[in-house]
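# Summary of structural features
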Amino acid sequence: MSQHRHPGAPGRAGAVPALPDLPEATVARLPEYLRALHNLADAGHETVSSEGLANAAGVNSAKLRKDLSHLGSYGTRGVGYDVALLIEQIESVLGLTQCRSVALVGVGNLGHALAGYDGFASRGFRIAALFDADPARVGEEINGLVVRHVDELPRVAAEQLISIGVIATPASAAQAVADQLVAVGVTSILNFAPCVLSVPEGVDMRKVDLAIELQILSFHEHRKASLTALPGTAGSALTALPGGLAATDTQEAIGT
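Reading the values: rules and limits
- Residues numbered from 1 in each chain as written.
- Predicted model: local features only at pLDDT ≥ 70, side-chain atom pairs only at ≥ 80, totals over all residues.
- Heavy atoms only, no water.
- Helix = DSSP H or I, 4+ residues; strand = E, 2+ residues; numbered from the N terminus.
- Contact = heavy atoms within 4.5 Å.
- Areas by Shrake-Rupley, 256 points an atom, 1.4 Å probe, with all protein chains shown as cover.
- Buried < 20%, exposed > 50% of the residue type's maximum accessible area, 1.4 Å probe, protein only.
- Arc of directions from axis to C-beta.
- Axes fitted to C-alpha atoms, helices over the stretch in contact; angles between N-to-C directions.
- Left-handed = near helix turned anticlockwise from the far one by under 90°.
- Nonpolar A, V, L, I, M, F, W, Y, C, P; charged D, E, K, R; others polar.
- Expected span 1.5 Å × (residues − 1).
- Pairing = 2+ DSSP bridges.
- Phe/Tyr/Trp six-rings, centres within 6.5 Å; stacked < 30°, edge-to-face > 60°.
- UniProt positions renumbered as here; feature names shortened; annotations may be inferred.

A tally of regular secondary structure across the protein chain gives nine helices and 11 strands. Partitioning the contacts of the protein chain with sequence separation of at least 6, the portion at a separation of at least 24 is 54%. Total accessible area computed for the protein chain in this model is approximately 14600 Å², and 57% of it derives from carbon and sulfur atoms.

Written as structure tokens, this is what we have:
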């Protein structure tokens, strides 16, 4: 369950100025635009057309123009968008004008990799604390941070002004960790555990499940293979279907 605070609601860092009421799909695309804009800026570009930015971000230009119009940014006819100004606008809307402290709970293989990733700092996020419940992990140093026992979460969250929690624990421990994060005042959580978590009103939850993404890609591979087999296999090869039925590759591909 994902809950969303009112844009003007106060957070741990104090009052937040009013923001445009953006569609969720637009919010999801803004980081893609921002990454493309940073790449353009690094390459020395001062302006970019809507078509150029759309191609760099992997969307169509009409969708991009509509998204950016929500920010009050329409570009200049014949010139395009000012790259530096658009970066500033998007970073402001995404709340990236301040560095946000992040607590990572669970330093197994995935957590260890996340803790060592340097890309967070360049985008306004500081991994401020690492936690684990395994005594063998506590005391380990990763990327300059010492792993603490999860029981220290309340004290450290207050000291480091933690605003975002990242869960990289096994599924069996994830709900208890989410409850602990909520109890210390964390209102935004990124969950890498392969399970659905319950959080109260006012807490935003985002879920990343790599296995699910692979399963979706597997479907597309299966579909492409079925379509490729269509011309020469009509009425020959059989594919097992749920319920003990069978269908030819042709029937499976067209859904009959």
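This brings us to helix α2 (residues 50-57). Buried residues of α2: Ser 50, Leu 53, Ala 54 and Ala 57, and no others. What you see down the axis of α2 is that its buried residues fit within an arc of 100°, all on one side. The elements touched by buried residues of α2 are α1 (24-42), β1 (47-48), α3 (61-69), β2 (81-82) and α4 (83-93). Where α2 terminates, the next one or two residues include Gly 58, which has phi positive at roughly 80°.

Moving on to the packing of α1 against α4. Packing of α1 against α4 leaves a shortest axis separation of 10 Å and a crossing angle of 145°. Considering the relative orientation of α1 and α4, their crossing is left-handed. When α1 is examined against α4, the residues Leu 30, Tyr 33, Leu 34, Leu 37, His 38 and Ala 41 are found in contact with a partner set consisting of Val 83, Leu 86, Ile 87, Ile 90, Glu 91 and Val 93. Of the residues contributing to the contact of α1 with α4, the split by class is 10 nonpolar, one polar and one charged.

Further remarks concern helix α7 (residues 171-183). Compared with the 18 Å implied by 1.5 Å per residue over 13 residues, the 19 Å span of α7 between its first and last C-alpha is a close match. For α7, every residue scored as buried is listed here: Ala 174, Val 177, Ala 178 and Leu 181. Buried residues of α7 fall within an arc of 105° about the axis and therefore sit on the same side. Exposed residues lying more than 90 degrees from the buried face of α7 are Ser 172 and Ala 183. For α7, the elements touching its buried residues are β3 (100-105), α6 (153-160), β7 (162-167) and β8 (188-191). Where α7 terminates, the next one or two residues include Gly 185, which has phi positive at roughly 100°.

Let us now look at the pairing of strand β6 (residues 145-149). Taken together, the three bridges between strand β4 (residues 125-132) and β6 define a ladder with parallel strand orientation. By the bridge assignment, Phe 131 is partnered in β6 with Arg 148. Here strand β5 (residues 141-142) hands over to β6 after two residues, with Asn 143 in that stretch at a positive phi of 50°.

Once that is clear, we can look at the packing of aromatic side chains. A complete count under the given rule lists one aromatic pair for this structure. When the centroid spacing of 4.8 Å and the interplanar angle of 90° are considered together, the rings of Tyr 117 and Phe 120 count as edge-to-face. On the accessibility criterion, Tyr 117 (48% relative accessible area) is partly exposed. According to the relative accessible area criterion, Phe 120 is partly exposed, its value standing at 27%.

Those residues carrying the UniProt feature "binding site: NAD(+)" (unreviewed entry) are Gly 106, Val 107, Gly 108, Asn 109, Leu 110 and Gly 111 in this numbering. Inspection of the secondary structure assignment puts Asn 109 in helix α5 (residues 109-115). We classify Asn 109 as exposed; its relative accessible area is 71%. Counting through the fold element by element, Gly 111 comes out in helix α5. A relative accessible area of 0% means that Gly 111 is categorised as buried. Those residues within four positions of Gly 111 in sequence are excluded, and the remaining contacts are Leu 104, Gly 106 and Ala 168.

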